[in-house]
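# Secondary and tertiary structure notes
If you want the building blocks of each chain, they are given just below.
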Amino acid sequence: MNVIYNTGIYLYKQLVKLVSPRNPKAKLMTEGHKTLFADLDAKLSKEGGYIWIHASSLGEFEQGRPIIEKIKSINPQTKILLTFFSPSGYTVRKDYPLADVVSYLPFDLPKNVNRFLDMVKPKMAIFIKYEFWGNYLTELHKRQIPTYIVSAIFRKNQIFFKPHGAMFRKMLGYYKHLFVQDTASKELLESIGVTSVTVVGDTRFDRVAEIASQTKELPVFEEFSKNSMVMVVGSSWEADEEIYIDYFNTHPDLKLIIAPHEINASHIANITQKIKRPILFYSQSEGKDAKDYDCLVVDCFGLLSSIYRYASVAYIGGGFGAGIHNVPEAAVYGVPVIFGPNYKKFKEARDLIECGGSFTISTKEEFEEIMQSLSDDKFREESGAKAGEYINRNTGATLRVVKEIFL
């Protein structure tokens, strides 16, 4: 890779270190990288031979997870190295049992790359969705290690398709095969001469379908939701709360379950101040009759994917910020889904709007209008059925990828 690219990576590394005293995520990353190679040396088999799977963060891990599970089901002895770039992925999944070793990914600088690959000795590398690290891809190619990307999606405004994107276009040629989500991505790649491409869809649909089939029974939520219209809000941010809480406060026929994106004390207090109806916190629900409350606040992690089963309507947070969170996680239960305006880079969100299973809103007025429509049982049930059918139609990507690579 050229000097400009390497300088950019180095400066990013220094910036992370610089802001780490004030930024919790940067601090976690900096601390993790201090012992990264020592940890790998202690954990890795000296013979190598790993299938290396890299996910940027937790969302990408959920797309890579079905691949890992399928590989292990075919051959449990296969050695898996799982790496993350983001602390939000590593800290949650550092003990993931189907990975033999879990690690941060060293910064993409030549010295790091060579040291990492010398230690891992991977027999294959699989990157998930958006991971394009120039030095890693170059060195994997030089070492003739088969490299794949899975659940990738491309848009014409990406640098690969710009006149000045030659260096980045070259990266794409280092993948042995690219498994993409849609035909538009394949056509864009073919327009720049990248032809080792197969449209398989998104492996995340397989993951959410599996979760739904194994969903936990949660008695508190069952009791709370019984015989009621319930909106489940997942990954709620303050901007989302400005939209839906006022509506909830003035519609006594609606019950509300909130799973905030952050469960720190200040965010929980902010939610509590805004809600004017009886609130139950999940952490304090033991011994209480959940049906006597109107709002149930989920002040812990790990339950959201099962909680959606109790929804009449789901609202997915993040659409007034960087982007919406996991829409299929709710849609798989056959419920209509609402989210904010920043959804366009998410194919599943666009598709669900088109088929009538989801709705996007930008204002309180638009939210109220959609909720009024969804209060009609027939309309709500038809919309939810469309959402569930969309998920079912799009499962199967994992098996197609694994067959192509291994069978």
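Below: a short report on this structure. (Residues numbered from 1 in each chain as written. Predicted model: local features only at pLDDT ≥ 70, side-chain atom pairs only at ≥ 80, totals over all residues. Heavy atoms only, no water.)

## Here we look at a nonpolar patch on the surface
Together, Tyr-12, Leu-15 and Leu-18 give the surface a local cluster of nonpolar side chains, amounting to about 310 Å² of exposed area. Overall, Leu-18 belongs to the exposed group, its relative accessible area being 58%. (Patch = residues over 30% accessible without salt bridge, like charges linked within 9 Å, V, L, I, M, F, W, Y side chains within 5 Å. Areas by Shrake-Rupley, 256 points an atom, 1.4 Å probe, with all protein chains shown as cover. Salt bridge = Lys/Arg side-chain N within 4 Å of Asp/Glu carboxyl O. Buried < 20%, exposed > 50% of the residue type's maximum accessible area, 1.4 Å probe, protein only.)

## Digging into the sheet that holds strand β4 (residues 124-128)
Think of a sheet as strands paired side by side through backbone hydrogen bonds, with each pair either parallel or antiparallel. Read from one edge to the other, the open sheet built from 7 strands follows the order β3-β2-β1-β4-β5-β6-β7, with strand pairing classed as parallel. Across the chains shown, the open sheet's two edge strands, defined by having one partner strand only, are β3 (101-104) and β7 (197-199). Across the sheet, the mean angle separating the axes of adjacent strands is 20° when strand polarity is ignored. By the bridge criterion, 3 bridges tie strand β5 (residues 147-152) to strand β6 (residues 177-180) in an arrangement that is parallel. When the sheet's bridge partners are listed, Tyr-148 is paired in β6 with His-177. (Pairing = 2+ DSSP bridges. Helix = DSSP H or I, 4+ residues; strand = E, 2+ residues; numbered from the N terminus. Axes fitted to C-alpha atoms, helices over the stretch in contact; angles between N-to-C directions.)

## Brief notes about the side chain of Asp-240
As for its position among the elements, Asp-240 is in helix α12 (residues 238-249). Despite its burial, Asp-240 pairs with no opposite charge; the closest candidate is Lys-274, at 10 Å N-O. Within the structure, Asp-240 has its side chain in polar contact with the side chain of Tyr-315 (distance 2.9 Å). Engagement of the side chain of Asp-240 in a polar contact is seen with the backbone nitrogen of Gly-318, the distance being 3.1 Å. Dropping the residues within four chain positions of it, Asp-240 is found in contact with Ser-235, Tyr-315, Gly-317, Gly-318, Gly-319 and Phe-320. (Lys, Arg positive; Asp, Glu negative; His and termini not counted. Polar contact = N/O pair within 3.5 Å; in protein donor to acceptor, adjacent residues only side chain to side chain. Contact = heavy atoms within 4.5 Å.)

## Focus: the environment of Val-337
In this fold, Val-337 is placed in strand β13 (residues 337-339). Exposure remark for Val-337: the relative accessible area of 0% places this residue in the buried category. Between the alpha carbons of Val-337 and Ser-305 there is a distance of 14 Å; along the sequence they are 32 residues apart. Setting aside chain neighbours within four positions, we find Val-337 in contact with Ala-314, Ile-316, Val-327, Ala-330, Ala-331, Gly-357, Ser-358 and Phe-359.

By themselves, these figures tell us nothing about what the structure is for.
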